[in-house]
Amino acid sequence: MSDLIDIALLGWAAGAIDGEGTIGVYLHKGHYRLTLAVYNTDPRMVLQLQELFGGSTHTYNNSNKKGRPYFVWIQRAQQARQTLEILLPFFVIKKEQALLAIEFSSIVNTSTGRGHKVSEVILARHSALADKLKQLKQIEFPQDSIFEDGSWPHTTLKSVHPGEPTPITRED
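Cut-offs and rules
- Residues numbered from 1 in each chain as written.
- Predicted model: local features only at pLDDT ≥ 70, side-chain atom pairs only at ≥ 80, totals over all residues.
- Heavy atoms only, no water.
- Core = buried A, V, L, I, M, F, W, Y, C linked by side-chain atoms within 4.5 Å.
- Buried < 20%, exposed > 50% of the residue type's maximum accessible area, 1.4 Å probe, protein only.
- Helix = DSSP H or I, 4+ residues; strand = E, 2+ residues; numbered from the N terminus.
- Contact = heavy atoms within 4.5 Å.
- Axes fitted to C-alpha atoms, helices over the stretch in contact; angles between N-to-C directions.
- Parallel < 35°, antiparallel > 145°, perpendicular 65-115°, else oblique.
- Phe/Tyr/Trp six-rings, centres within 6.5 Å; stacked < 30°, edge-to-face > 60°.
- Pairing = 2+ DSSP bridges.
- pLDDT = per-residue confidence, 0-100.

Side note on the nonpolar core
Working step 1: The biggest cluster of nonpolar side chains holds 32 residues, and the ones touching the most others in it are Ile17, Ile23, Leu34, Leu49, Trp73, Leu84 and Phe91.
Working step 2: Elements with a contribution of two residues or more to this core: helix H1 (3-20), strand S1 (21-28), strand S2 (31-40), helix H2 (43-53), strand S4 (70-76), helix H3 (77-87), helix H4 (95-106) and helix H5 (120-136).
Working step 3: In this structure isoleucine 23 touches Ile17, Leu34, Thr35, Leu36, Leu84, Lys94, Gln97, Ala98, Ala101, Leu133 and Lys137, once residues within four positions along its chain are discounted.

Some details on the packing of H4 against H5
Working step 1: As a packed pair, H4 and H5 sit with axes 10 Å apart at the nearest point and diverge in direction by 170 degrees. In terms of their interaxial angle, H4 and H5 are classed as roughly antiparallel. For the pair H4 and H5, contact is made by Glu96, Gln97, Leu100, Glu103 and Phe104 and by His126, Leu129, Lys132, Leu133 and Leu136, respectively.

Notes on the packing of aromatic side chains
Working step 1: As enumerated under the stated definition, the model contains three aromatic pairs in all.
Working step 2: An angle of 45 degrees between the planes, with centres 6.5 Å apart, marks the rings of tyrosine 39 and tyrosine 70 as tilted. Of this pair, tyrosine 39 sits in strand S2 while tyrosine 70 sits in strand S4, placing them 31 residues apart in sequence.
Working step 3: Summarising the aromatic geometry, the rings of phenylalanine 53 and tryptophan 73 are spaced 6.4 Å apart at their centres and angled 50 degrees between planes, so their arrangement reads as tilted. In this pair, phenylalanine 53 sits in helix H2 while tryptophan 73 sits in strand S4, placing the two residues 20 residues apart along the sequence. For the pair formed by phenylalanine 53 and tryptophan 73, the shared burial category is buried.
Working step 4: The structure contains a cluster of three or more aromatic residues connected by ring pairs, namely Tyr39, Tyr60 and Tyr70.

Structural notes on the sheet that holds S4
Working step 1: Pairing within the open sheet is antiparallel, and its four strands lie in the order S1-S2-S4-S3. At either margin of the open sheet sits one strand with a lone partner, and together these are S1 and strand S3 (56-60). Ignoring strand direction, the axes of neighbouring strands in this sheet form an average angle of 30 degrees.
Working step 2: Pairing between S2 and S4: six bridges, direction antiparallel. Following the sheet pairing, valine 38 is matched in S4 by tryptophan 73.

Brief notes about the confidence of the model for the protein
Working step 1: Per-chain confidence: the protein averages 80 in pLDDT, with 72% of residues scoring 70 or above.
Working step 2: Predicted confidence is poor over residues 165-172, with pLDDT under 50, and the contacts of this stretch with residues over four places away or in other chains come to 18 contacts.

Listed below in structure tokens is the structure:
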């Protein structure tokens, strides 16, 4: 596969996660764990993500709002971290969430193996990062920043990434 196709696939994958995915840190059986997932009513998206990055896929026949089954691609823990690290340069919407998730997974419990209790210090740090991640998902854009026809104004918005302005232009 050519480098150009590889880059295009990575951009596509990041866009799929930006638009249809979720990056989360959730409390599970007394400890927090990183979860990366994409939900879609078309199985091709989740199957392509699984082919590119591994993970698992699931089909849910309990219908969505439109009465169709939906499909999920999911990764957890270090596998999710590796995927986020690969896709980090390509994210537009979820870059900050990905950075927090990577930071979360770098905080390692000194105990090893299943059944070991997570230290209170690590649990507190994980909880704080999980809260920050939840806050990032609550960002709303003011309606007065959008033209009546639904387009964005000709302006440069402040980037969520310090030092990197994000130009937003409109083609007429």
